[in-house]
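# Structural features, examined
Residue-level listing of the chains:
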Amino acid sequence: MMEMAWIVPLFPLFSFFLLLLAGKKMKEASAYVGMLATFVSFLVASAVLADRVGGSTYKAEQVWLAIGSAKLTVGFEVTALNAWMLVIVSLVSFLVHMYAKGYMQGDERFSVFYAYLGLFTFAMLGLVISPNLLQTYMFWELVGLGSFLLIGFYFYKEEAKAAAKKAFIMTRVGDVGFFIGMILLFLQVGSFEYSDIFKAVQDGTLSQPMVTLTAILIFVGAVGKSGQFPLHTWLPDAMEGPTPVSALIHAATMVAAGVYLVAALFPLYEASETALLTVAVVGGFTAIFAASIALVQTDIKRVLAYSTVSQLGYMMLALGSGSDVAAIFHLTTHAFFKALLFLAAGSVIHAVGTQDIEKMGGLWRKMPLTAALFLVGALAISGVPLLSGFFSKDEIFAAAWMHGHGVLFWIAVVASFFTAFYMFRLFFLVFGGEERHGAKDVHESPAVMTLPMLVLAVLSVAAGYIHTPWFGTFLGDWLTDGGYAHEKTPSWMMIVAAIVSLLGIFLAWLMYGKRSLARDWLSSRAPLTYNVLLNKYYIDEFYAWTVGYVANAISRLFYYVDRFVIEGIASLITATVNAAASLGSRMQNGQVQTYGAVTFIGLALLVAILAFTGGYL
Amino acid sequence: MSMHTLLRYEWGVMTPEFIIIGTALILSLVDLLMPDDKDRRPLAWIAFVGVAIAFVATIGLIPAETTSILHDTFRLDAFGKAFKLLLLAGGALSLLLAFDYRPKEGLKHRGEFSYLMLCALLGAMIVTSSGDLITLFVGLELLSISSYILVGLRKTSVQANEAALKYVINGGISTAMTLFGMSYIFGLTGTTNIKEIAVEAQKLTDGEYQYILALAFLLLFVGLAFKISTVPFHMWTPDVYQGAPTPVTAFLSVVSKTAGFAIVLRLLITIFAAAPARGKDTSSMLLSMQDYIAFLAGATMIVGNIVALKQRSMKRLLAYSSIAHAGYVLVGFAAMSWVMIDSIWFYLLAYLLMNFGAFAILQRMSDEADSDDISRFAGLYQRSPLLAVAMGVFLLSLAGIPGTAGFIAKWNIFLGALMTEPGHYVLAAVMIATTVISYVYYFGIFVQIFFRPAAETSSLRLPIGLTLIVVVCALGTLLFGVVPGLAYHFLGQFEHFGDFLQ
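Residues numbered from 1 in each chain as written. Chains lettered and ligands numbered in written order. Predicted model: local features only at pLDDT ≥ 70, side-chain atom pairs only at ≥ 80, totals over all residues. Heavy atoms only, no water.

Residues that lie three or four places apart on an α-helix share one face, since the helix turns once every 3.6 residues. With 27 residues, helix H19 (residues 425-451) of chain B should reach 39 Å at 1.5 Å per residue; the first-to-last C-alpha distance of 37 Å fits that figure. Burial of H19 of chain B is extensive: 19 of the 27 residues sit out of reach of the surface. (Helix = DSSP H or I, 4+ residues; strand = E, 2+ residues; numbered from the N terminus. Expected span 1.5 Å × (residues − 1). Buried < 20%, exposed > 50% of the residue type's maximum accessible area, 1.4 Å probe, protein only.)

In structure tokens:
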């Protein structure tokens with residue numbers, strides 16, 4: 001079956017072409033075309049995975065272009081990592097295809113949406129089976145294009161247009177790093193093949209500084225794609241796209257491509273302590289940075305977006321701590337629970353018609369299924385014991401600790417506390433309390449939307465058990481071909497992780513849940529002393545002035561850094577280019593004399609330079 | 001020269017030129033004798049057939065050995081063959097554009113359109129094959145003068161007249177500079193034959209002479225910069241491109257530019273590669289001038305791409321884009337790697353395909369309203385999805401996105417710049433940075449096509465000539481983007497143009 005792996009990306013591609021040409025006539029049926037294509041992809045991918053479990057890596061390639069002695073090849077490869085990614089991508093894509101049928105119902109460009117989804121899925125699947133850097137780069141750009149088209153899907157909204165542009169250009173900035181790193185590797189190694197690059201790293205053809213330089217340059221590409229600091233600003237803006245897109249592209253798959261790239265090139269990174277440290281520090285910083293911003297956002301999708309940035313930071317931290325297994329494990333569980341959270345958020349937005357959490361509330365009663373599923377996702381991401389996020393995050397903590405990153409470990413723990421807090425702040429504000437929205441007939445979403453969420457919820461719970469210290473480290477053993485040695489982690493670590501996440505939830509409950517609960521509690525026990533009430537007030541103040549204030553200050557600080565320093569530099573560059581452009585067009589005044597003068601001045605300058613520097617005088 | 005020697009020359013190597021000249025003569029006679037009220041559009045088809053036959057004849061000449069006739073003034077070598085194929089293909093596409101060119105006020109001198117274009121094409125072909133400064137100059141002027149008239153062919157349009165006048169004046173300056181440079185070379189070497197010049201130039205070891213030779217290099221390069229529209233001789237481009245009829249604009253941006261690069265390569269490499277230079281690098285004059293070319297290439301890429309950002313007129317935008325692309329090609333020349341000519345040829349091929357495709361669609365979009373504002377493209381996707389996708393392909397290729405010929409072309413130039421020892425890292429960095437800038441304006445058009453509502457909802461019909469161009473160019477752009485090996489396999493038979501200096 002593995003030799004047929006190349007066929008997996010072709011089904012969505014076929015769906016793309018079909019819908020592009022005949023979509024207008026097919027209308028609603030477009031959804032079935034897309035679903036069928038991705039479902040077949042999923043089936044084939046599963047078969048490939050099953051085949052790979054018992055077998056070994058399969059690789060097929062052909063010479064595509066020969067320049068001198070250098071040969072560029074195209075082909076595909078089925079490694080443990082690739083096969084695993086194929087299944088995750090095709091599965092999430094299928095579920096999102098299904099969900100979107102309900103969510104996008106009645107949209108004028110329904111079929112176009114499915115066509116773009118097909119294009120994206122094709123590119124993403126193509127990306128994960130590429131056996132060399134060049135091919136990876138091409139698909140890497142293609143997923144960028146798919147993302148651009150889908151963010152800008154509501155192109156009549158100014159914000160959506162701006163966001164699409166921003167996403168494309170910001171990620172391109174990272175891609176320049178990737179590109180340069182790739183070229184440098186090619187010039188040193190003479191090949192784009194992953195296997196050749198690893199060989200060169202091993203036998204020392206690649207000098208140590210070069211390993212570090214190329215690894216960091218390629219990491220810059222990953223930073224752009226995976227929304228790591230400082231190139232993350234496009235990701236929250238990308239939420240202008242339809243919610244299913246946010247779930248598929250900006251949570252589960254494309255943004256994880258950066259993590260995947262670093263994992264795929266892991267032997268390169270392992271050879272350089274500096275590169276690993278860079279990855280770890282950027283990841284750790286992003287994790288806490290984004291989590292702190294998520295604490296104060298009021299747009300449901302933006303909270304989730306910053307959360308995604310933060311979780312990707314975790315994965316980078318894992319990679320930087322030398323554990324690609326932990327990163328891929330978290331990538332997997334995150335794909336499931338974050339997709340679930342986004343789809344649930346979409347279900348809420350679909351029902352209420354707003355994204356502002358201040359205008360929601362009390363939806364638990366109206367949308368019990370969505371609320372329950374969201375709760376599962378929130379519990380999983382918060383790292384509550386026995387759910388998938390607990391195990392994968394624990395693996396990351398362990399990796400950071402065992403690799404001697406004490407500071408980063410504690411940063412990750414604090415970020416985990418933030419995570420639990422903002423997720424449940426979201427939960428209580430949206431589903432708990434009284435209704436604050438004006439929408440009249442709020443009701444549960446149709447089955448076509450809840451069913452995919454249900455599947456994801458099951459996976460959000462179960463996916464943790466593929467790799468646990470209790471039942472066996474199946475994923476790790478398999479990804480490393482049996483060579484996975486689970487390091488004995490201190491047992492207090494799991495307890496700390498559990499306590500921190502529960503503490504975060506508890507705090508959120510106190511601040512956002514308890515207020516309503518307390519009122520009930522008070523009205524039933526009216527004769528309670530004044531003291532208790534005062535005490536309660538005191539606690540609120542306490543939280544506001546300690547945790548709340550500090551967190552607020554930190555997040556505000558980061559927000560301003562984000563707003564003025566990062567965006568300032570970006571706008572400075574744009575302004576310079578714009579000014580130069582204006583100057584250039586003003587020079588172009590239509591006067592032939594000016595044109596002639598420019599030529600003569602140019603010539604005179606060249607001659608003068610020649611005279612002074614050429615050594616002829 | 002006796003009659004006997006004249007007849008002994010292998011005239012066969014000039015077959016393509018003879019075919020073009022014959023077709024042009026026949027067309028001018030037909031145009032003269034045809035009644036005034038007859039439609040002259042079919043003449044373009046005759047011209048097209050002539051060019052097609054010349055193309056086939058050139059392919060037939062590929063196996064021919066490197067030949068030099070007429071006292072070494074005309075030489076047919078691999079370089080000439082390869083570039084003639086590009087020129088003829090470009091000429092054929094220009095004629096197809098001309099066939100479907102329908103300006104609002106009508107076109108009175110349609111007959112001239114065809115045979116002037118053939119004359120210009122003939123000039124360009126002579127240029128690629130000339131072995132002597134005199135023939136080279138005559139070919140260059142034939143190309144230039146025909147182009148001047150072509151630009152002003154819409155006699156009633158003020159814009160066209162202005163463009164033609166500007167083109168003539170700037171062309172005059174260019175010719176003066178080029179001739180000035182040539183006169184220095186003649187003065188130093190005492191001959192006009194390029195090969196003999198190269199031999200004589202090797203003997204110039206005196207510093208004073210070398211200085212004059214270097215001056216001649218700069219004069220030639222700046223003078224010829226007019227033809228390839230690079231800094232500092234690029235200013236005329238947007239004005240002329242905008243005023244000229246669209247088929248002529250396409251002709252100038254592709255055929256004329258290709259011919260310009262052919263002269264630059266043939267003249268500068270042959271003469272200056274062997275000439276010694278003073279200073280730190282005594283090996284060759286050409287290498288010592290490398291930094292100047294690199295500097296001008298960088299300036300060209302920056303100017304072209306940055307000023308393009310401000311354009312609303314599609315023709316002006318494509319004019320700046322053509323300046324930028326000339327800059328990328330110059331990077332290939334400045335790097336002077338051993339794949340230089342291969343990569344430049346491939347770039348010009350990719351450029352021919354994507355540019356003609358874009359111009360064909362532009363012509364269709366602008367003719368109907370006599371406006372080439374970028375907003376003409378708004379909502380093209382709704383009006384004609386297939387046309388929008390084709391335009392998308394051309395834009396992606398111009399921007400250099402993987403999967404298109406434009407990417408491979410840029411990639412080769414880029415690799416060439418890094419392959420040499422020492423690598424041209426700064427130049428490569430400028431190339432990448434300006435490419436990123438170019439995304440902004442190319443994707444601006446993209447946004448118009450796909451994301452803006454259409455001003456008109458009428459569906460678009462593409463006339464036969466334009467359809468042919470769009471289909472051929474789109475397929476070519478994708479084909480060479482996916483399997484560039486085809487073009488390289490074809491180039492393989494020229495063996496890296498090894499006979500260039502023989």
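Chain A puts 53 residues into the contact, and the matching count from chain B is 63 residues. Both faces combined, the contact of chain A with chain B buries some 5,200 Å², and carbon together with sulfur accounts for 77% of it. Where chain A packs against chain B, one counts zero salt bridges. On inspection of chain A and its partner chain B, the count reaches five residue pairs in polar contact (both at pLDDT 80 or more). Every element with two or more residues in the side of chain A that touches chain B is listed here: helix H1 (10-26), strand S1 (58-67), helix H5 (133-151), helix H6 (158-189), helix H23 (530-587) and helix H24 (592-613) of chain A. (Contact = heavy atoms within 4.5 Å. Buried area = accessible area lost by both parts, 1.4 Å probe. Salt bridge = Lys/Arg side-chain N within 4 Å of Asp/Glu carboxyl O. Polar contact = N/O pair within 3.5 Å; in protein donor to acceptor, adjacent residues only side chain to side chain.)

The next point concerns the side chain of Glu141 of chain B. All names here are of chain B. Locating Glu141 in the fold gives a position in helix H6 (residues 133-151). Lys227 provides the closest opposite charge to the buried, salt-bridge-free Glu141, at an N-O distance of 7.1 Å. Among the polar contacts made by the side chain of Glu141, one reaches the side chain of Thr175 at a distance of 3.4 Å. Excluding residues that lie within four positions of it along the chain, Glu141 makes contacts with Ser146 and Thr175. (Lys, Arg positive; Asp, Glu negative; His and termini not counted.)

Time to look at the packing of helix H17 (residues 385-399) of chain B against helix H18 (residues 405-419) of chain B. Residue and element names in this part refer to chain B. Where H17 contacts H18, the axes come no closer than 6 Å and their chain directions differ by 10 degrees. The angle between H17 and H18 falls in the class roughly parallel. Each of Ser397, Leu398 and Ala399 in H17 lies in contact with H18, whose residues at this interface are Ala405, Gly406, Phe407 and Lys410. Looking at the contact of H17 with H18 residue by residue, the classes come out as four nonpolar, two polar and one charged. (Axes fitted to C-alpha atoms, helices over the stretch in contact; angles between N-to-C directions. Parallel < 35°, antiparallel > 145°, perpendicular 65-115°, else oblique. Nonpolar A, V, L, I, M, F, W, Y, C, P; charged D, E, K, R; others polar.)

Time to look at the packing of H1 of chain A against helix H4 (residues 110-129) of chain A. Residue and element names in this part refer to chain A. As a packed pair, H1 and H4 sit with axes 7 Å apart at the nearest point and diverge in direction by 160 degrees. With respect to H4, the axis of H1 lies roughly antiparallel. Relative to H4, H1 is oriented so that their crossing is left-handed. From H1, Pro12, Leu13, Ser15, Phe16, Leu19, Leu20, Gly23 and Lys24 reach across to H4, where they touch Ser111, Tyr114, Ala115, Gly118, Leu119, Thr121, Phe122 and Leu125. When its residues are assigned to classes, the contact of H1 with H4 shows 10 nonpolar, five polar and one charged. (Left-handed = near helix turned anticlockwise from the far one by under 90°.)

Position of Ser146 of chain B relative to the elements: it lies in helix H6. When neighbours within four sequence positions are excluded, Ser146 of chain B is seen to be in contact with Leu116, Cys119, Ala120 and Glu141 of chain B.

On to the confidence of the model for chain B. On average, chain B scores 87 in pLDDT, and the residues at 70 or more come to 97%. Mean pLDDT values for the elements of chain B range from 72 in helix H1 (residues 3-8) of chain B up to 93 in H6 of chain B. (pLDDT = per-residue confidence, 0-100.)

A few words now on the pattern of salt bridges. Two side chains bearing opposite charge may form a pair once their charged atoms approach each other closely. All names here are of chain B. Inspection of every chain in the model, using the stated rule, returns 15 salt bridges over all chains. For Asp100, the salt bridge identified is with Arg102, shortest N-O distance 3.8 Å. Take Arg102: its relative accessible area is 41%, and that puts it in the partly exposed class. Between Lys166 and Asp239 there is a salt bridge; the shortest N-O distance is 2.7 Å. Of this pair, Lys166 sits in helix H7 (residues 158-189) while Asp239 sits in helix H10 (residues 236-243), and the two are 73 residues apart along the sequence. Owing to a relative accessible area of 9%, Asp239 belongs among the buried residues under this scheme. Each member of the salt-bridge network shares a partner with another, and the members are Glu162, Lys166, Asp239 and Arg316.

Once that is clear, we can look at unusual backbone geometry. The phi torsion of most residues other than glycine is negative, and most of the peptide bonds are trans. In the segment running from Val231 of chain B into Pro232 of chain B, the intervening peptide bond is cis, with an omega of 5 degrees. Tracing the sequence through the fold places Pro232 of chain B in the loop between helix H9 (207-228) and H10. Even without a glycine there, the phi angle at Leu386 of chain A is positive, about 80 degrees. Looking at the element boundaries, Leu386 of chain A is found in the loop between helix H17 (368-382) and helix H18 (388-402). The phi torsion at Ser229 of chain B lies on the positive side, around 45 degrees, for a residue other than glycine. Locating Ser229 of chain B in the fold gives a position in the loop between H9 and H10.

Residues and elements named next belong to chain B. Among the structural elements, Ala350 can be located in helix H15 (residues 340-367). A relative accessible area of 2% places Ala350 in the buried class. The sequence separation of Ala350 and Phe480 amounts to 130 residues, and the corresponding C-alpha distance is 7.8 Å. Beyond its immediate sequence surroundings of up to four residues, Ala350 is in contact with Ala405, Gly406 and Ala409.

All right, on to the environment of Pro385 of chain A then. All names here are of chain A. Mapped onto the elements of the fold, Pro385 is located in the loop between H17 and H18. By relative accessible area, Pro385 is classed as partly exposed at 27%. Taking the C-alpha atoms as reference, Pro385 lies 9.3 Å from Ile495; in sequence the two are 110 residues apart. When near neighbours in sequence (up to four residues on either side) are disregarded, Pro385 contacts Phe390 and Ala498.

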